Amino acid sequence: MNLFADLRSAVVDALGRMTAEGLLPQGLDLSAVAVEPPRDASHGDMATNAAMVLAKPAGKNPREIADALAVKLLEDPRIQAADVAGPGFLNLRLAPALWQDVIRQVLSAGLDYGRSDLGQGLKVNVEFVSANPTGPMHVGHVRGAVVGDALSRLLAFSGHDVTREYYINDGGAQVDVLARSAFERYREANGLEPEIREGLYPGDYLIPVGEALKAKYGTSLLDQPESVWLADVREFATAEMMQMIREDLAQLGVEMDIYSSEKALYGTGEIEAAIEELRQAGLIYEGVLEPPKGKTLEDWEPREQMLFRSTAHGDDVDRPVQKSDGSWTYFAPDIAYHYNKVKRGFDQLIDIFGADHGGYVKRMKAAVSALSGGKVPLDIKLVQLVKLYKGGEPFKMSKRAGTFVTLRDVVEQAGADVTRFIMLTRKNDVSLDFDFDKVLEQSKDNPVFYVQYANARINSVLRKARDAGIAVDQATLAAADHGQLSHAAELAMLKKIAEWPRLVEIAARNNEPHRVAFYLYELASEFHGLWNRGNDELSLRFVQEDQATTQAKIALVQAVSVVICSGLAILGVTPVEEMR
RNA sequence: GGCCCCGUAGCUCAACGGAUAGAGCGUCCCCCUCCUAAGGGGAAGGUUGCAGGUUCAAGUCCUGCCGGGGUCGCCA
């Protein structure tokens, strides 16, 4: 189903025959041999670097290898031409039938076109969002949520067994602050004046929580000391916040498989067990950290604490797991949590963090490396800042929370589909500008619109053909005479479609869902170009007098639509069939 | 100061180690008797921050600088 993979096999086979005939030495490493689309279409359909890669290990001139390889490859009826070019590229031209057959493949596979078993069922855990349960999700969380979700969909599409997981930070001091803030709203619900002291959360999203507390406890907590109510209110408020966060995520179209609680790790011995595991490995010791050089901390004083020898696994300094009062730092339960993931049998872990957690990457990788015996790779994607604009001006607004723009603000204004697509038009480690006006603009300046418009045009053509009484059902289109599609513009369209499985593979291998968004833009561009050529060359229009010709052409654009829908599904974006 | 990310056309950004570094915006020219012009075609625009190195091949990998951002033990 992946033409590029098929051709690479053909190249590898040919090299094998050359080896058998003594033209190449035994035991060559072929892993660097690639078959890829040439940047310049005039170079042919596909190019392989085999001769250049193998020249040195084989002790031969690259052109010599390329010439011999060309002879072998030309025995394959699929390959019409094989020309040596440049420093030793072998440019291949394929029989048009190979490209035309892509339509049949796409139409019979439907939305599964491009799906692969690349991951071979590997169990992958993707942890993302993991926002503190102390308030509604804000813009900063949106990008992480979208990237994590799209990456999960991409990996699942590529044959991985994906688990999406949210780690609830409900074990630290911040949830006590939440409880105190909610308690003030509880007092307010009972007619008292709330005292939102400095350091408490002022957002009015806690007002309903206060009312819910009143409904549950009446006035019974009002005169009680904090020691009496703190734990209960904390639990209650945290649950309310998590409910709100789930709703926020649902608005974005994000669904988690598992919510894991930090607090649940305390008192179970899991943290102690994880630390003990590290201690057994000689990676835990009592020590005093050096103050950071070049940065002056006024209140620095040497302090003995329990440290993790993360430097043994690639970190720059060892990291504290216990505070000086003996309680755990945030890092300790996080170690236990990642240990827990390892023990659950995941083959690979992926964390999506905000860029402000950059300093956390090395120690987390060190911990996972130590606790999995180096067997479970942890990839941490840092998602950079989103800057909001409206009409080119920096945008600051808060309907609900006072000081920040919430996820709901964004989704309500821009819509989930637009938000998701735009958030994926940058790779994760570059900051992103999000302009509320721009993302809703209906022009080619806006990639979401541009891609959706292509799909809408295709559906318009389908309607047109149907109205003309032409059968355009899937089976008919798949069986149409695709051999008619021999115009260079049509073949170019086909080649773009044929790239999709390969693109998915590259994106999945690199954990880079943004590649899908860029590909869809290119695909749409190719389509709009083809559409417009119909203005000048009537033979390139999709709806023709002749029914069989029309069906072949409709089959082509239907295949484009399928790939657009397939790609949008990975991004979690709903395709539109009509612009209004 | 240490660590991490970024630096590509006037602007915003692409480019699995591959050939003559590509799109959009902006500027200039052109295309609707005709499937959605909400679109398309063309022109102009580049020493990929700087200097070395590895490689048949470097925007991409390595080292050192320069510039911007983030982060750095009792926050999570």
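Residues numbered from 1 in each chain as written. Chains lettered and ligands numbered in written order. Predicted model: local features only at pLDDT ≥ 70, side-chain atom pairs only at ≥ 80, totals over all residues. Heavy atoms only, no water.

Enquirer: Even after reading the chapter, I still don't get helix α18 (residues 514-536), so can you show me in this structure?
Expert: For an α-helix, the turn length of 3.6 residues means that residues three or four places apart are oriented alike. In a regular helix each residue adds 1.5 Å, so 23 residues correspond to 33 Å; α18 covers 35 Å between its end C-alpha atoms and thus fits that length. For α18, the complete set of buried residues consists of His-514, Val-516, Ala-517, Tyr-519, Leu-520, Leu-523, Ala-524, Phe-527, His-528, Leu-530 and Gly-534. In this structure, the buried residues of α18 make contact with α5 (139-157), α13 (416-423), α14 (447-467), α16 (488-498), α17 (500-509) and α19 (547-571). (Helix = DSSP H or I, 4+ residues; strand = E, 2+ residues; numbered from the N terminus. Expected span 1.5 Å × (residues − 1). Buried < 20%, exposed > 50% of the residue type's maximum accessible area, 1.4 Å probe, protein only. Contact = heavy atoms within 4.5 Å.)

Enquirer: It is not clear to me how the UniProt feature "domain: Arginyl tRNA synthetase N-terminal" (unreviewed entry) in chain A should be interpreted in this structure. Could you clarify?
Expert: Taken from the UniProt record, the annotation "domain: Arginyl tRNA synthetase N-terminal" (unreviewed entry) applies to residues 5-94. Between the end C-alpha atoms of residues 5-94 there is a gap of 14 Å, over a span that is 41% helix and 20% strand. (UniProt positions renumbered as here; feature names shortened; annotations may be inferred.)

Enquirer: I would appreciate a short explanation of the pairing of strand β3 (residues 79-85) in the present structure.
Expert: On a regular strand, one side chain projects to one face of the sheet and the next to the other, so that they alternate. Judged from the six bridges that link them, β3 and strand β4 (residues 89-94) form a sheet pairing that is antiparallel. Looking at the pairing, Asp-83 lines up with Asn-91 of β4. In sequence, β3 turns back onto β4 through a hairpin of three residues, with Gly-86 there showing a positive phi of about 55 degrees. (Pairing = 2+ DSSP bridges.)

Enquirer: Looking at this structure, how should I read the side chain of Arg-319?
Expert: Along the chain, Arg-319 turns up in strand β10 (residues 319-320). Of the residues examined, Arg-319 reaches a relative accessible area of 15% and is grouped as buried. A polar contact of 2.8 Å, which involves the side chain of Arg-319, links it to the side chain of Asp-315. Among the polar contacts listed, one links the side chain of Arg-319 to the backbone oxygen of Val-317, at a separation of 3.5 Å. Contact partners of Arg-319, with chain neighbours within four places excluded, come to Met-306, Leu-307, Phe-308, Ser-310, Phe-331, Gly-359 and Arg-363. (Polar contact = N/O pair within 3.5 Å; in protein donor to acceptor, adjacent residues only side chain to side chain.)

Enquirer: How do you make sense of the protein's contact with RNA strand B when you look at a structure like this?
Expert: Close contacts around RNA strand B come from 77 residues, with Glu-36, Gln-442, Tyr-450, Ser-460 and Arg-541 the closest. Taken together, the sugar and phosphate atoms account for 55% of what RNA strand B places within 4 Å of the protein. In this structure, a base oxygen belonging to RNA strand B sits 3.3 Å away from a main-chain N or O atom of Phe-542. Mapped onto the surface near RNA strand B, the elements with two or more residues apiece are α2 (50-58), β4, α6 (173-189), α14, α17 and α18. Residue contributions to the surface near RNA strand B peak at 10 residues, all from α18. A breakdown of the residues in the surface near RNA strand B according to their chemical character gives 30 nonpolar, 22 polar and 25 charged. (Near = heavy atom within 4 Å. Nonpolar A, V, L, I, M, F, W, Y, C, P; charged D, E, K, R; others polar.)

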